[in-house]
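# Breakdown of the fold
So the chains spell out like this:
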Amino acid sequence: MATVTNPSTASTGSLTAKALREATFTAVMTFLMFVLFVGLKTDQNMRNELILVPRWGLLAIFVIIAFVGRFAMVAWLQPWRTARKAAKDAAPAQTTDAGFVKRNFSKLAILALVLYPPIILSLFGAQGSLKYIDNFGIQILIYVMLAWGLNIVVGLAGLLDLGYVAFYAVGAYSYALLSINFGFSFWILLPLAGILSAFWGIILGFPVLRLKGDYLAIVTLAFGEIIRLVLINWQDVTQGTFGISGIPKITLFGIPFDASPHGFAKIFNLPMSSAYYKVFLFYLILLLCLLTAFVTIRLRRLPIGRAWEALREDEIACRSLGINTVTTKLTAFAIGAMFGGFAGSFFAARQGFVSPESFVFLESAVILSIVVLGGMGSLTGIAIAAIAMVGGTELLREMDFLKHIFGPDFTPELYRMLIFGLAMITMMLVRPRGFVGSREPTAFLFERKNVSGSFTKEGHG
Amino acid sequence: MSAMASTMNNDAILKVEHLSMRFGGLMAINDLSFEVRRGEITALIGPNGAGKTTVFNCITGFYKPTMGMISMQQKDGKSFFLERMADFEVTRDAKVARTFQNIRLFSGLTLLENLLVAQHNALMKASGYTVLGLLGFKSYKDASKEATEKARYWLEKASLIDRADDPAGDLPYGAQRRLEIARAMCTGPELLCLDEPAAGLNPRESQELNKLLRSIRADNGTSLLLIEHDMSVVMEISDHVVVLEYGQKISDGDPAHVKNDPRVIAAYLGVDDDEVETVRHEVEEGAN
Ligand SMILES: Nc1ncnc2c1ncn2[C@@H]1O[C@H](COP(=O)(O)OP(=O)(O)OP(=O)(O)O)[C@@H](O)[C@H]1O
Ligand SMILES: [Mg+2]
């Protein structure tokens, strides 16, 4: 940066002046915009009268943030970005070998995940680690798995599905109902839940085969809502909004995680703690995630996976090459739904309780956001996006210090959606193709070159 | 003409009989009959809006014709009625492949991947409909290698081999046309239908294309049916020309015959029907 701004030391002064001017303007605009929304609040007093409560302090914070933000952007961020761009253009296109970390990223990531529970356990002890393993570990991995599942439908086949949570629900309720009513174990029900979800994926697939774009999105959205409404209203079976509780826990091939003499702790001579079950669940969902990734990577190199991506690029061309687009779409729906079902049955077993409230549209939206944010089609990008979005939400819960700033009533989680939205917008402006915008080809003749996101399509069906 | 028709019948690969296609009040094709003979390059020409692309869409199953019959006769004697088949079946079972007037490539896939997608059905079978492939069986690996070799062959033939690992959307226009033809050939067709393959090409690219088309016919035994506007291309490479105007056939024969047909000249020069006679006289006098 220094090299570029040096010749224009004289203009630095004018830059500051310009920044001050723009920042003042922005501050005034912010004041005008927020003076009625934030500066004044309508409230009721003790006598039930409507009164105006001024909040000048809060308004001042808004204005100051706007001023400082605009100043920083004009004075520092913009020159820095132009300088960086100039430096980038000036530098010859260098093709340095990717670093060790970059080359072995997925292996290192898996290793880190495998080592995560023991490290956390040794750092925080059995009780203190619950939060990190459960809220941060398992929770994020569930979303990684869901997003990887949806990625098959949206990222690869290019079919915009807004009702993905329906398959999650089918998996969860399949496990809940079948394990309570028939006493089947998790290991039987996991594949069964996957098959049932896949079946529902095909049921959804048939009516939407001829739909494209917006219409497809609306119908899948409706499908998600129908499933949720059925769960609410079919009270004899699902107990409606009360949900189903007392869902049996998962056993380690018959060894239960409880205080009984045959329990895990007794057998291995360990002190009784719920942490072992959580660690077990962590490894289980990690395994399920790896299975999803493995299958997705394999499928992409098989004709069916290539046909999905071709479908995303151009459906008519697919048909002209003798590809049956009906079965191709249905398999995408079915396999995507199957992974949703796996995740659902895991979710039910982990919570011990399912209710329709867990399967609202917002969940579909979050999963879809993760896929889009990660870069459609890229497993690594999606995993990073899941960590950022789900981990970010969990992190907000932890930010107690914010209470000292904004007062004791302040609950950071409530701002989650606002922050989500802002993060999404920023992300889409900075990297419109998601974290990982390029596509890795599934085969190569001479050298593997990633395909820039500007050539790939988002799909339209 | 009738004597010619009888010899045609013996080795016709595609027979279009009394084909009509109506869009609302518009008769896009009206009672069209013609044949494509095996091992020949047949050109379908006509002014803009004559219904050429519509004929292609009927042959390849993208449109269901209002009336008429389209039959395909394969080398081994199997025959298919294309108007009864779905678009993907026409390529998969009847072995009729096509390209599009406005190029339709998988722009985000590499050239190699484009050609592998074209071999979907063969690879699908080899991968045991995904199951065996997912388990990593050797049969799929072999088939996959074979498919890559076939792709390499076509990339070389279309002189695209040095761009094999680049995205198709990154190619210049002329190369995209050649890739689309190579991709259609990877489906292993007996009849290849090309919709204006030379449109937008410069003379050098046009020559390359002619070479590619001739070698497709000579080396691979594929018959060709092509729509073309450029008369010089048509005259140079086609063995047989069918001329359409307003959805009806106005001429049919070898290039020399069609070139001198007064109705064709009238159609291309935009002469009224009653002036056709005068044009015919002029042509005949010119010939004498
Ligand atoms: N799907 C459709 N719906 C309605 N009309 C159509 C449709 N497809 C084609 N037509 C009409 O049919 C007529 C023939 O169109 P077609 O595209 O077959 O012409 P063409 O000979 O290929 O012309 P060009 O040389 O411009 O490609 C045109 O009048 C066109 O508007
Ligand atoms: Mg046309």
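This is a predicted model, so every value here is computed, not measured.

## Here's the deal with the domain arrangement of chain B
When the parts of a complex come together, some accessible area is lost, and that lost area is often used as the size of the interface. Residue and element names in this part refer to chain B. If you check the domain split of chain B, you get domain 1 (2-104 + 189-253) and domain 2 (106-170). Of note, the centres of domain 1 and domain 2, computed from C-alpha atoms alone, are 27 Å apart. Contacts between domain 1 and domain 2 engage eight residues on the former and seven residues on the latter. Remark: the boundary between domain 1 and domain 2 carries one salt bridge.

## Focus: unusual backbone geometry
Positive phi values are uncommon outside glycine, yet A:Asn48 reaches one of about 60°. Tracing the backbone shows A:Asn48 in the loop between β1 (40-44) and β2 (50-54). The class of A:Asn48 is exposed, set by a relative accessible area of 60%. Backbone geometry at B:Glu196 places phi at a positive 50°, although glycine is not the residue there. Relative to the helices and strands, B:Glu196 is located in the loop between β7 (191-195) and α9 (203-220).

## Quick notes on the site of ligand 1
Residues and elements named next belong to chain B. By nearness alone, 14 residues border ligand 1, and Asn48, Lys52, Thr53, Thr54 and Gln101 come closest of all. Contacts to ligand 1 include Gly49, whose backbone N or O atom sits 2.9 Å from an oxygen atom. In the environment of ligand 1, an oxygen atom lies 2.8 Å from a nitrogen or oxygen atom belonging to the side chain of Lys52. Burial of ligand 1 by the protein amounts to 64% of the accessible area it has alone, namely 630 Å². Among the secondary structure elements, those contributing two or more residues to the shell around ligand 1 are β2 (26-37) and α2 (52-59). Ranked by the residues each element gives to the shell around ligand 1, the list is headed by α2, at three residues.

## Thoughts on the interface of chain A and chain B
Taken together, the contacts link 36 residues of chain A with 43 residues of chain B. Around 3,400 Å² of area is buried between chain A and chain B when both sides are counted, 65% of it from carbon and sulfur atoms. Three residues, A:Leu321, A:Leu445 and A:Phe455, lead the burial of chain A against chain B; their summed loss comes to 21% of the area buried on that side. At the junction of chain A and chain B, the tally comes to three salt bridges. The salt bridge partner of A:Arg319 is B:Asp87, with a shortest N-O separation of 2.4 Å. Counting every contact that joins chain A to chain B gives ten residue pairs in polar contact (both at pLDDT 80 or more). Those elements giving two or more residues to the side of chain A that touches chain B turn out to be α12 (275-300), α13 (303-313) and α14 (315-320) of chain A. Of all the elements, α13(A) adds the most residues to the side of chain A that touches chain B, at eight residues. By residue class, the composition of the side of chain A that touches chain B is 19 nonpolar, five polar and twelve charged.

## Structural notes on helix α8 (residues 186-208) of chain A
All names here are of chain A. An ideal rise of 1.5 Å per residue puts 33 Å on 23 residues; α8 measures up with 32 Å between its terminal C-alpha atoms. Looking only at α8, the buried set comprises Phe186, Leu189, Leu190, Ala193, Gly194, Ser197, Ala198, Gly201, Leu204, Gly205 and Val208. In this structure, the buried side of α8 is in contact with α7 (165-182), α9 (213-233), α12 and α15 (325-351).

## Examining α13(A)
Where burial is concerned, most of α13(A) is hidden: eleven out of the eleven residues are buried. Burial in α13(A) covers these residues: A:Pro303, A:Ile304, A:Gly305, A:Arg306, A:Ala307, A:Trp308, A:Glu309, A:Ala310, A:Leu311, A:Arg312 and A:Glu313.

## A word on the domain arrangement of chain A
Along its sequence, chain A is organised into domain 1 (2-87) and domain 2 (113-455). Measuring from the centre of the C-alpha atoms in domain 1 of chain A to the corresponding centre in domain 2 of chain A gives 39 Å.

Reading the values: rules and limits
Residues numbered from 1 in each chain as written. Chains lettered and ligands numbered in written order. Predicted model: local features only at pLDDT ≥ 70, side-chain atom pairs only at ≥ 80, totals over all residues. Heavy atoms only, no water. Domains from an automatic or database assignment. Contact = heavy atoms within 4.5 Å. Salt bridge = Lys/Arg side-chain N within 4 Å of Asp/Glu carboxyl O. Helix = DSSP H or I, 4+ residues; strand = E, 2+ residues; numbered from the N terminus. Buried < 20%, exposed > 50% of the residue type's maximum accessible area, 1.4 Å probe, protein only. Near = heavy atom within 4 Å. Polar contact = N/O pair within 3.5 Å; in protein donor to acceptor, adjacent residues only side chain to side chain. Areas by Shrake-Rupley, 256 points an atom, 1.4 Å probe, with all protein chains shown as cover. Buried area = accessible area lost by both parts, 1.4 Å probe. Nonpolar A, V, L, I, M, F, W, Y, C, P; charged D, E, K, R; others polar. Expected span 1.5 Å × (residues − 1).

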